[in-house]
Amino acid sequence: MRPEPPPAALRLAIDGDALAANWRALDALSGAAAAGAAVKADAYGLGVARTVPALWQAGCRDFYVAHWAEVAPVAARVPPGAVGVLHGPLTPVEAAYAKAVGVRPVINSLHQAQVWHNAGGGVCDLMVDTGINRLGLPLEDIGHALIQQLEIDVLLSHLASADEDSPLNAVQLSRWQDARRAVAHRRASLANSAGITLGNTYHGDLTRPGIALYGGVPCAALEGLIRQVLRPEAAVMQVRTLKSGDSVGYNATFVADRTMRVGVVSLGYEDGYLRCWSGKGAMLAGGRRLSALGRVSMDMTVIDLSAAPDVTEGDWVAVDYDLPRASAISGLSQYELLTLMGRRFAR
Ligand SMILES: *Cc1c(COP(=O)(O)O)cnc(C)c1O
């Protein structure tokens, strides 16, 4: 028998209490509407296995994935009917799968309505496009017989600029209200995380936060309400001492101006710690910020250990990854910062 591989030298520490608290805060902000959860992309990279049970326990009852391949791990953790699939049924195979597993496809077009009808139909959601011009039924098509005969649970639309004070928000709200009058449905839903802060008229029956559940702060109105959930951690593989004039990493972009103790950490751009962090990132050890030095490599990053003489080989450091601050420093969006986290992390 082959031995078990040793544990990964990278892990995503996930604060389940913070995740539950974020859901409860967003649910409370949703007023009379219930908050669901966008758990596509393996819960924005945090992992469905950790997040979905914690969200369910907090009281969340509606979960949205994007791809059909994302259904199984979510459906295995919640009762039938609690999962919606945003990309909808493009093919008969996908429609048959939805029926077999008991998840709700989101119908996004007349084509998808036809595919769902041909598969025998049943309860589904409907996404109408009210101005983002992405996936969704054009409002002009809402009177079509294929749409009118759907058995719609949630009538969805999606805001393009919820994180901004944009006139498009009111335009989309008004079109979504038109759609609500034009087709029968049980529940209506418009707001993502930022949309929840736009007020009661945007709430309908169900809100669909994603990023803010996971610690993202997409707009000022959520500042102070959202807790950090994710902390990537990596092992220090080697400690070395630089002499003044020694350089670090590819292209020697950092040169020591004194004797320095540095650590080589098992985290690189393959893991989602992109090269834009070169010279800008930092890791945390017992409250101390340890700057990243030189270029980030594929599998490793060098950090300054001057302020942490106790940190040694085999110790772990946490990446400084408060999402709003990390986004400001790196230039990456908070969404990218989450979904970039690579396959080598233990989740
Ligand atoms: C991803 C997504 C959400 C969640 O958006 P956030 O900005 O992450 O809160 C909600 N609705 C739809 C249709 C989505 O695709």
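Throughout this description, residue numbers start from 1 for each chain and increase along the sequence as written. Local features in this predicted model are restricted to residues of pLDDT 70 or higher, and side-chain atom pairs are both shown and tallied only at a pLDDT of 80 or more, whereas totals for entire chains, interfaces and linings draw on every residue. Side-chain measures here rest on the full set of heavy atoms in the structure, leaving out hydrogens and waters.

Engineer: For this particular structure, what's the right way to read the environment of proline 53?
Structural biologist: Of note, proline 53 is situated in helix H3 (residues 48-58). Relative accessible area serves as the criterion here: at 34%, proline 53 is assigned to the partly exposed category. Along the sequence, proline 53 and alanine 20 sit 33 residues apart, while their C-alpha atoms lie 10.0 Å from each other. Secondary structure counts use DSSP, requiring at least four H or I residues in a row for a helix and at least two E residues in a row for a strand, with both numbered from the N terminus. We call a residue buried when its accessible area falls under 20% of the maximum for its residue type, exposed when it is over 50%, and partly exposed in between, using a 1.4 Å probe and counting protein chains only.

Engineer: When you look at the pattern of salt bridges in this model, what are you seeing that I'm missing?
Structural biologist: Side chains carrying opposite charge are able to pair once their charged atoms draw close together. For this analysis, a salt bridge means a side-chain nitrogen from Lys or Arg found within 4 Å of a carboxyl oxygen belonging to Asp or Glu. According to the stated counting rule, one finds 18 salt bridges in the structure shown. Notably, a salt bridge pairs arginine 104 with aspartate 62, separated by 3.6 Å at the nearest N-O pair. With a gap of 42 residues between them, arginine 104 in strand E6 (residues 104-107) and aspartate 62 in the loop between H3 and strand E4 (63-65) connect regions that are remote in the sequence. Residue class for arginine 104 comes out buried when judged on its relative accessible area of 5%. A salt bridge links aspartate 310 to arginine 288; the shortest N-O distance between them is 2.8 Å. With aspartate 310 in the loop between strand E18 (301-304) and strand E19 (316-319) and arginine 288 in strand E17 (residues 288-293), the pair connects residues that are 22 residues apart, well separated along the chain.

Engineer: How should I be thinking about the nonpolar core in this particular structure?
Structural biologist: Within soluble globular proteins, side chains that are nonpolar generally end up buried alongside one another. In this structure, Val39, Leu55, Phe63, Leu126 and Tyr214 are the most contacted members of the largest nonpolar core, which totals 94 residues. Residue contacts are counted whenever heavy atoms from the two residues lie within 4.5 Å of one another. Look past the residues within four positions of tyrosine 214 in its chain and what remains in contact with it is Leu19, Ala38, Val39, Ala43, Tyr44, Leu46, Thr51, Leu55, Val229, Leu323 and Leu338. Nine residue types can take part in a nonpolar core, namely buried Ala, Val, Leu, Ile, Met, Phe, Trp, Tyr and Cys, and a core is a set of them joined through side-chain atoms within 4.5 Å.

Engineer: Just to check I follow, could you spell out the packing of aromatic side chains for this structure?
Structural biologist: The way to describe two aromatic rings as a pair is by their centre distance and the angle between their planes. Here is the rule: rings of Phe, Tyr and Trp (six-membered ring for Trp) pair when centre to centre is within 6.5 Å. Planes less than 30 degrees apart are stacked, more than 60 are edge-to-face, and the remainder are tilted. Throughout the structure, instances matching the rule amount to 6 aromatic pairs. Measuring from ring centre to ring centre gives 4.9 Å for tyrosine 44 and tyrosine 214, while their planes differ by 40°; the resulting arrangement is tilted. Of the two residues, tyrosine 44 is situated in helix H2 (residues 40-44) and tyrosine 214 in the loop between strand E11 (206-207) and strand E12 (230-242); the sequence distance between them amounts to 170 residues. Relative accessible area serves as the criterion here: at 6%, tyrosine 44 is assigned to the buried category. Classification of tyrosine 214 as buried rests on a relative accessible area of 1%. Relative to tyrosine 335, the ring of tyrosine 44 has its centre 6.3 Å away and its plane inclined at 40°; by these criteria the two rings are tilted. Placement of the pair is tyrosine 44 in helix H2 and tyrosine 335 in helix H11 (residues 334-339), with a sequence separation of 291 residues. Judged by relative accessible area, which is 37%, tyrosine 335 ranks as partly exposed. Taken together through their ring pairs, the aromatic side chains of Tyr44, Tyr214 and Tyr335 make up a single cluster.

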